[in-house]
Amino acid sequence: MAGLNARDSCVALTAGDPNGVGPEIALKALAALTPEQRNRVTLFGPVEVLQKTAHLLHLRDVLSSITLVSAGEMSAQLHAPGKVDPVAGRSAIESATAAIQACRRGEIDSVVAGPHHETAIAQAGIAFSGYPSLVASVCEQPSDSVFLMLVGGGLRIVHVTLHESVEIALGRIRTELVIAATQAGVMACQRLGVSTPRVALFGINPHASEGTLFGEHDVNCTVPAALALNQTGLSVTGPMGADVLLANHATQPHDLYVAMFHDQGHIPIKLLAPQGASAFSIGADVLLASTGHGSAMDIAGTGQAKPDALLRSLRMLLSIASVSPSPAAVS
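S.K.: Please explain the sheet that holds strand 8 (residues 235–240) as it appears in this structure.
M.R.: What holds strands together in a sheet is hydrogen bonding between their backbones, with the strands either parallel or antiparallel. What the 11 strands build is an open sheet, ordered 3-2-1-4-11-10-5-6-9-7-8; its pairing is mixed. Each having just a single partner strand, strand 3 (67–70) and strand 8 make up the two edges of the open sheet. The mean angle between the axes of side-by-side strands here comes to 25 degrees, regardless of whether they run parallel or antiparallel. Alignment of strand 1 (residues 11–14) against strand 2 (residues 41–45), held across 4 bridges, turns out to be parallel. Its bridge partner being in strand 2, threonine 14 is matched across the sheet by phenylalanine 44. Across the sheet, helix 9 (residues 175–191) touches strand 5 (147–152), strand 6 (155–159), strand 7 (198–202), strand 9 (256–259) and strand 10 (278–282), and the angle it forms with strand 5 is around 45 degrees.

In structure tokens form, the structure reads like this:
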């Protein structure tokens, strides 16, 4: 294994939507790290908001002990916890963009992004459908080449489609897209330490169409995808009904599940890890993780937010960075 250096072990953390719980959980997560881990984190976000939050949480010593990069600036006067605001939405995108760009320049190893608020971002006039689309845009890749993988509750689930209507998603699902999402998920699993992941494909229709009883979508798409993936040497089960595969996880576990639609993958993860899931944007030359939850506007500014999910993502990427000198698979 090649030698490590300081840059290899650095992770960017962004504040997310300043009016949500992002600044609070970012500071609480940093406070929970060891001093050595904290030294390997660079925080990107609006300085005045972070200073104000640190004062309220009595964490000014934590803020002063880390590297802070001004990004997505928002004045303390405009900061209004709990308010859906286009200024805050733009800030979340700008801080995440700055962190992704720094990663592309090789200044840091990976990115952990704070929770965003999609309505605030839309009000800012920014086209956005989740962090995978932002990673694709900043990395100058096609939007359908970066996928979301949720990790939590003992499951890893990559999504072929995400924030779109079922009708539109169904029209986009093709064999090639299922293969690409699966391969991106396998590479992410390998980087997370699972060298030969066992993969299971969810069907498109109930019972994976039961032949063609419920339509020809699976025969025409997921079945050939599974055949092609197995021919590359991967261990792929399915397609099968998502309910059957997940019900048998305890006795016939898989390291990676491939969901065709948003809810197929989100429901089991949020059921098993409602506040503790990590969301990875995979398939690009930048690895970005976030939380499986939103910006929690209802408790923003109250000091009640728990940093568990963000801290879990942060520790996961710090661990990867500390043992891996490059985005190559861990074996």
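This is not the end of the story, as more comes after the structure.
S.K.: Sorry if this is basic, but what is going on with the side chain of serine 295 here?
M.R.: Within the element layout of this structure, serine 295 appears in the loop between strand 11 (288–291) and helix 14 (308–323). Relative accessible area serves as the criterion here: at 4%, serine 295 is assigned to the buried category.

S.K.: I keep staring at the state of the cysteines and nothing clicks. Help me out?
M.R.: Cysteine pairs can be linked by a disulfide, which is a covalent bond between their two sulfur atoms. Inspection of every chain in the model, using the stated rule, returns 0 disulfides. The cysteine cysteine 10 is free of any disulfide, with cysteine 103 supplying the nearest cysteine sulfur at 9.2 Å. On the accessibility criterion, cysteine 10 (10% relative accessible area) is buried. Cysteine 139 forms no disulfide, and the closest cysteine sulfur to it belongs to cysteine 103, at a distance of 7.8 Å.

S.K.: How should the pattern of salt bridges be read in this particular structure?
M.R.: Side-chain pairs of opposite charge can arise where the charged atoms are in close proximity. According to the stated counting rule, one finds 8 salt bridges in the structure shown. Arginine 40 is paired through a salt bridge with glutamate 36; the nearest N and O atoms lie 2.8 Å apart. Among the residues examined, arginine 40 registers a relative accessible area of 11% and is labelled buried. A salt bridge links arginine 172 to glutamate 164, with the shortest nitrogen-to-oxygen separation between them at 2.7 Å. A relative accessible area of 32% places arginine 172 in the partly exposed class. For glutamate 164, a relative accessible area of 26% corresponds to the partly exposed category. Salt bridges sharing partners connect three or more residues here, namely Arg104, Glu140 and Asp285.

S.K.: Would you explain unusual backbone geometry in this entry?
M.R.: Trans is the prevailing form of peptide bonds, just as negative phi is the prevailing case for residues other than glycine. The step from glycine 238 to proline 239 runs through a cis peptide bond, and the omega angle for that step is 5 degrees. Within the secondary structure, proline 239 sits in strand 8. The phi angle at alanine 208 is positive, at roughly 55 degrees, despite the residue not being glycine. Mapping alanine 208 onto the fold places it in the loop between strand 7 and helix 10 (217–220). A residue is classified by how much of its surface remains accessible, and alanine 208, at 11% relative accessible area, is buried. We note that alanine 296 has phi near 50 degrees; this positive angle belongs to a residue other than glycine. The residue alanine 296 is located in the loop between strand 11 and helix 14 in this model. When its relative accessible area of 26% is taken as the criterion, alanine 296 is described as partly exposed.

Conventions used here
- Residues numbered from 1 in each chain as written.
- Predicted model: local features only at pLDDT ≥ 70, side-chain atom pairs only at ≥ 80, totals over all residues.
- Heavy atoms only, no water.
- Pairing = 2+ DSSP bridges.
- Helix = DSSP H or I, 4+ residues; strand = E, 2+ residues; numbered from the N terminus.
- Axes fitted to C-alpha atoms, helices over the stretch in contact; angles between N-to-C directions.
- Contact = heavy atoms within 4.5 Å.
- Buried < 20%, exposed > 50% of the residue type's maximum accessible area, 1.4 Å probe, protein only.
- Disulfide = S-S within 2.5 Å.
- Salt bridge = Lys/Arg side-chain N within 4 Å of Asp/Glu carboxyl O.

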